[in-house]
Amino acid sequence: VVERNEHIQAARVKLPILGEEQQIIETISENMVTIICGETGSGKTTQVPQFLYEAGYTSGGYLIGITEPRRVAAMSMSKRVAEELGLTQDDVSYQIRYEGNTTAKTCIKFMTDGVLLKEIQKDFLLGKYRAVIIDEAHERSVYTDVLIGLLSRIVSLRHKKGNPLKLIIMSATLRVEDFRDNKMLFPEPPPVLKIDSRQFPVTVHFNKRTPEDYLTETFRKVCKIHRQLPAGGILIFVTGKQEVHTLCRKLQRTFPSTKPKPDEDAPEEKPTNEKEAPLAREKPATLDEKLPTIELNSYSALPMDEQAELIGEQNDLDIEDESEGSDAEEDIKSDKVFDYEQRQADRQLPLHVLPLYSLLNTKRQALVFERPPEGCRLCVVSTNVAETSLTIPNIKYVVDSGKTKNKFYDKVTGVSTFRVTFTSQASANQRAGRSGRTAPGHCYRIYSSSVFNDEFEKFSAPEIVSRPVDDLILQMNSMGIEKVINFPFPTPPSDESLLAAQDLLIKLGALKVTKGRFRRAITDKVSTQITDLGKTMALFPVAPRYARMLALAHQKDLLEYIIAIVSACSVQELFVEDSLNSALEDGDMSKMAARINKQKTQWAGRGQSLLTGDAMVYLKASGAAEFAGGTPAFCELNGLRFKAISEVRKLRVQLTNIVNSVLPSAQICVDPKMSPPTEIQAKLIRQIMLVGLADRVARLNVVPNDAEPDVKKKMRNSYQTTLINDYCYIHPSSVLYKKNPEYVVYQDIMEANDKVYLRGVIAIE
Ligand code: ADP
Ligand code: MG
């Protein structure tokens, strides 16, 4: 019997889902699979686990598992549910890639979808669980899709064994046909429960025109709302972390809050805590004390859920200009009352501005749930994390830029581009809905209704059809799923991307062809089998090509370096300036790239001068940071991202542990005082990297003397790759930019400004 405190009970009974408890529990108990649809905020995530708990699904020591595509949600929801149940985080816990607070007592476990996938690899029938909830299924993350495919089989196996496991799929939209009507997935369509969403009416206001500079237009709109419209929180949707910070800064400057919060708009990498800084001077403890102990079993081998979060959060631009936007149509009363271009701070109208995005630390994220200071309007500037995963109280106005940032891949060549595009109609409607949770609301769209109708896709594409799947195919093969083509995906990946993945894995030696001919025919005609090497590779939570490098480095001293390099290469944006890398997208690359380049070159020159590529720079930079104790102060001083450096360390520890368990004779440890490699070691390291990047080789073009001047210009410093028939160039941020070695391998190939760039470049001699 659960005794909830009064306060929580009062908030709970207001949730529409509470009236459906009986029906939900009955449906779940009578069916193997249940789909629950309900608007964001209707209480699915916080209440359904509680219903199951009260219905006895945890008795006998069983677990209720809930998967979230985002780390933020896994952490904050476990805390909230513990609180609502009057339990502690020992009972209601979370597990994300590098951290968690599960205990032997845990009975409700929130986790990222990658973590559950890893558990299925260890115990296919998920014997510890009696119910698994796949939350936010509408987001269609790759691992959510794959989990649903796997669980469709697991539940029927558990049913046959007489020890049923209940699968509950929860979605914030009604678009569930891909799950419900997919006969391969569920021969019998599962029941769909629709939760009424006590949603208040939302008035949608379109702009007459759709401005190019949506950020400035968004800013102007927020100023107007704040100056002219009655009380009520404002929620703003933009595309990424940098945009969030830019807008926060501008709004704070315009409407200073009574109590200034100096750290509000500072990137969190900066040390704000004095106590953290001087650590470097302390004598380092013994290795054991210094390194966090890590329990291998509780880690996901798949960091991709987090990589997905990085996209759109980091690789974007800081738009600082304050130029005029277009003359947009105004739904707000009068245009003339104020001058929104006034630069002077408006102290009469304080605004409580808060940023919100996935990678923001939890404490600062939690601020959005708190009451704003007296007489201050709440204003949250968010990425699409506030679209469905989190519900912010008392939002009356939504300002929607209509944009989203995504990474696009060419299915065959793997060439990637970051693009800001219009979001889908479904997601724009989700955003609008955020304003009508507590009272009738208003949504201001920074785009016209005709653009919404004609240019917005109806729904966003599932992630699985838009990114390479080599990591996924390797994981599935290691689980014994060799005929991926027969797997019951809610939406299958395209033949091209399956082929590309298969191709790469064969080249890396993770798969071997057992029937059919290599590199011909469609996927189902080439039968493959996972090799022992592939099985080992699947243990490493990094991209298959990096896993290959790890599996290749047998020698103890090399292993430690390869682990450090792979860790550094797997974490995005080690350098602060790197987050500005995609400046390329916007045409203004020179300044930024030159700064990064200078920084990297400085690093490359430290110690022995092994100016042979970006990976070596990463190794040096992260190694030096570790040497100095990895403190925020050191990172800031040296242009490194503190968060990235901490992630590198966690990954190093994790990879080291895996290597020791695979290769007990290795007995390696994470040495924070690792010295840089010698010339010979460096040469070997590059050879190992070359194997992992064997399909990513490029050769410097020789410019013929008799070539036309414009051809000469184009060919100068250009490379020919094996992938595409186009001139490619070393990215200006690379340490090898303008050095132009004859042969190189590269980690990444991307297109920007109609040019193809190679990033993460290593010279081969
Ligand atoms: P859904 O999953 O259907 O979107 P949730 O279960 O997340 O809905 O939220 C239900 C309600 O609980 C919302 O009104 C939300 O405001 C409230 N809520 C969720 N988390 C918290 C929290 N940490 N603090 C206060 N209220 C919260
Ligand atoms: Mg939810």
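Report on the accompanying structure. The residue numbering used here restarts from 1 in each chain and proceeds along that chain's sequence as written. Labels follow written order: the first chain is A, the first ligand is 1, and so on. Side-chain atom pairs in this predicted model are given and counted only at pLDDT of 80 or more, local residue features only at pLDDT of at least 70, and totals for whole chains, interfaces and linings cover all residues. Heavy atoms from the whole structure form the basis of all side-chain values; hydrogens and water molecules are not counted.

### What about the overall build of the protein?
Okay, step 1: A tally of helices and strands in the protein yields 26 helices and 22 strands.
Okay, step 2: Partly exposed residues are those whose accessible area sits between 20% and 50% of the maximum for their type, while under 20% is buried and over 50% is exposed, using a 1.4 Å probe and protein chains only. Counting every position in the protein, which comprises 765 residues, the buried fraction comes to 58%.
Okay, step 3: By definition, residues are in contact when any of their heavy atoms lie within 4.5 Å. Once local pairs closer than 6 in sequence are excluded, the contacts in the protein between residues at least 24 apart make up 75%.
Okay, step 4: Of the roughly 32,100 Å² that the protein leaves accessible, carbon and sulfur atoms contribute 51%. Secondary structure elements follow DSSP: runs of H or I of four or more residues count as helices, runs of E of two or more count as strands, with numbering from the N terminus. Accessible surface area values rest on a Shrake-Rupley calculation with a 1.4 Å probe, where residue burial reflects the displayed protein chains alone.

### Some remarks on helix α8 (residues 214-228)
Okay, step 1: Between its first and last C-alpha atoms α8 spans 21 Å; for 15 residues at 1.5 Å apiece the expected length is 21 Å, and the two agree.
Okay, step 2: Here α8 lies mainly inside the structure; 15 of its 15 residues are buried. Working rule for helices: expected span equals 1.5 Å times residues minus one.

### Some details on the pairing of strand β13 (residues 403-409)
Okay, step 1: Where β13 lies against strand β14 (residues 416-422), 7 bridges are found, and the strand directions are antiparallel. Pairing of Y409 across the sheet is with S416, part of β14.
Okay, step 2: Paired strands are those between which DSSP finds at least two bridges. Hairpin remark: β13 followed by β14, antiparallel, with 6 residues in the connecting loop; positive phi at G414, about 80 degrees.

### Remarks on the site of ligand 1
Okay, step 1: Here a residue is considered near a molecule or strand provided that any single heavy atom belonging to it is located within 4 Å of it. Around ligand 1 sit L15, E39, T40, G41, S42, G43, K44, T45, T46, M77, R80 and T391, and that is every residue in its neighbourhood.
Okay, step 2: In this structure, an oxygen atom belonging to ligand 1 sits 2.8 Å away from a side-chain N or O atom of K44.
Okay, step 3: Pairs of N or O atoms within 3.5 Å make up the polar contacts considered here, provided that, within protein, one atom can donate a hydrogen while the other can accept it, and that residues adjacent in sequence are counted only when both atoms are side-chain atoms. Between ligand 1 and the protein, one listed contact pairs an oxygen atom with a side-chain N or O atom of T46 at 2.6 Å.
Okay, step 4: For ligand 1, whose unbound accessible area comes to 570 Å², protein coverage reaches 81%.
Okay, step 5: For the shell around ligand 1, the secondary structure elements donating two or more residues are α3 (44-54) and α4 (71-85).
Okay, step 6: Residue contributions to the shell around ligand 1 peak at 3 residues, all from α3.

### Brief notes about the sheet that holds strand β11 (residues 377-382)
Paired through their backbone hydrogen bonds, the strands of a sheet run either parallel or antiparallel.
Okay, step 1: Read from one edge to the other, the open sheet built from 6 strands follows the order β8-β15-β12-β9-β11-β10, with strand pairing classed as parallel. Looking at which strands have only one partner, the edges of the open sheet turn out to be β8 (202-206) and β10 (351-356). Across the sheet, the mean angle separating the axes of adjacent strands is 20 degrees when strand polarity is ignored.
Okay, step 2: Both strand β9 (residues 233-237) and β11 contribute to a ladder of 4 bridges, which runs parallel. Bridging from a neighbouring strand, F237 pairs with S382 of β11.
Okay, step 3: In this fold helix α9 (residues 241-254) packs onto β9, β10 and β11, with an angle of close to 170 degrees to the strand it touches most, β10. For helices, the fitted line uses only the C-alpha atoms of the stretch in contact; every axis is such a line through C-alpha atoms, and the angle between N-to-C directions lies from 0 to 180 degrees.

### Some remarks on the sheet that holds strand β5 (residues 129-134)
Okay, step 1: Read across the open sheet, the 7 strands follow the order β3-β4-β2-β5-β6-β1-β7; overall the sheet is parallel. Every other strand in the sheet has two partners, leaving β3 (92-95) and β7 (192-195) as the edge strands with one partner each. Averaged over all pairs of adjacent strands, the angle between their axes in this sheet comes to 20 degrees, without regard to strand direction.
Okay, step 2: In this sheet, strand β6 (residues 166-171) lies alongside strand β1 (residues 33-38) in parallel orientation, the contact comprising 5 bridges. Residue pairing for β6: I35 is matched across the bridge by I169.
Okay, step 3: Seen against the sheet, α4 touches β2 (63-68), β3 and β4 (108-112) and runs at an angle of roughly 165 degrees to β4.

### Here's the deal with the pattern of salt bridges
Okay, step 1: The term salt bridge refers to a side-chain nitrogen of Lys or Arg lying within 4 Å of a carboxyl oxygen of Asp or Glu. Counted by the stated rule, this structure contains 23 salt bridges.
Okay, step 2: A salt bridge links R434 to E39, with the shortest nitrogen-to-oxygen separation between them at 3.1 Å. Taken together, the positions of R434 in the loop between α14 (425-433) and β15 (441-445) and E39 in the loop between β1 and α3 put the pair 395 residues apart, joining distant regions of the chain.
Okay, step 3: Judged by relative accessible area, E39 falls into the partly exposed class, the value being 23%.
Okay, step 4: With a closest N to O distance of 3.3 Å, E139 and R70 form a salt bridge. Of this pair, E139 sits in the loop between β5 and α6 (142-160) while R70 sits in the loop between β2 and α4, placing them 69 residues apart in sequence.
Okay, step 5: Residues joined by salt bridges that share partners form a network here, namely R12, R80, E83 and E84.

### Some points on the packing of aromatic side chains
Okay, step 1: The aromatic pairing rule takes the rings of Phe, Tyr and Trp, using the six-membered ring of Trp, and pairs them if the centres are within 6.5 Å, calling planes under 30 degrees apart stacked, those over 60 edge-to-face and the rest tilted. Tallying each qualifying case throughout the model produces 7 aromatic pairs.
Okay, step 2: Plain terms: the ring middles of F206 and Y447 are 6.1 Å apart, the flat faces sit at 70 degrees to each other, and that makes the pair edge-to-face. With a gap of 241 residues between them, F206 in strand β8 and Y447 in the loop between β15 and α15 (449-455) connect regions that are remote in the sequence.
Okay, step 3: The buried category is assigned to Y447, whose relative accessible area is 0%.
Okay, step 4: Seen in terms of ring centroids, F206 and F452 are 5.6 Å apart; in terms of plane orientation they differ by 50 degrees. Their pairing is tilted.

### Some details on a positive patch on the surface
Okay, step 1: A cluster of like positive charges, contributed by K712, K713, R716 and K755, occupies part of the molecular surface.
Okay, step 2: Along the chain, the position of R716 falls in the loop between α26 (709-715) and β19 (718-721).
Okay, step 3: The exposed category is assigned to R716, whose relative accessible area is 52%. Every patch collects residues that have over 30% relative accessible area and no salt bridge, joining them within 9 Å if they carry like charges and within 5 Å if they are nonpolar side chains (Val, Leu, Ile, Met, Phe, Trp, Tyr). Counted charges follow a simple rule, with Lys and Arg positive, Asp and Glu negative, and His plus the chain ends left uncounted. Here the site of a charge means atom NZ of a Lys, CZ of an Arg, CG of an Asp or CD of a Glu.

### Some details on the side chain of E626
Okay, step 1: Tracing the backbone through its elements, the reader meets E626 in helix α22 (residues 614-627).
Okay, step 2: Its relative accessible area of 9% is what places E626 among the buried residues.
Okay, step 3: What E626 contacts, discounting residues up to four positions off in sequence, is I645, R649, R652 and P672.

### Observations regarding the packing of helix α5 (residues 113-122) against α6
Okay, step 1: The interhelical angle for the contact between α5 and α6, taken along N-to-C directions, is 35 degrees, at an axis separation of 9 Å. Once α5 is placed against α6, the crossing between them reads as left-handed. In this structure, α5 contributes D113, G114, L116, L117 and I120 to the contact, and α6 contributes Y143, T144, V146, L147, L150, L151 and I154.
Okay, step 2: The nonpolar class holds Ala, Val, Leu, Ile, Met, Phe, Trp, Tyr, Cys and Pro. Asp, Glu, Lys and Arg form the charged class, and all remaining residues, Gly among them, are polar. When the residues that make up the contact of α5 with α6 are grouped by side-chain class, the tally is 9 nonpolar, 2 polar and 1 charged. We call a crossing left-handed when the near helix sits turned anticlockwise from the far one by less than a right angle, and right-handed when that turn is clockwise.

### Examining the packing of helix α16 (residues 470-478) against helix α18 (residues 532-539)
Geometrically, a packed helix pair is captured by the angle between its two axes and the distance between the axes.
Okay, step 1: The interhelical angle for the contact between α16 and α18, taken along N-to-C directions, is 115 degrees, at an axis separation of 9 Å. The orientation of α16 with respect to α18, classified from their angle, is roughly perpendicular. α18 is crossed by α16, and the crossing has left-handed handedness. Between α16 and α18, the contacting residues are L474, Q475 and S478 on the first element and G534, M537 and A538 on the second.
Okay, step 2: Its residues assigned to classes, the contact of α16 with α18 shows 3 nonpolar, 3 polar and no charged. Oblique is the label for any angle not under 35 degrees, not over 145, and not in the 65 to 115 range, which are roughly parallel, roughly antiparallel and roughly perpendicular in turn.

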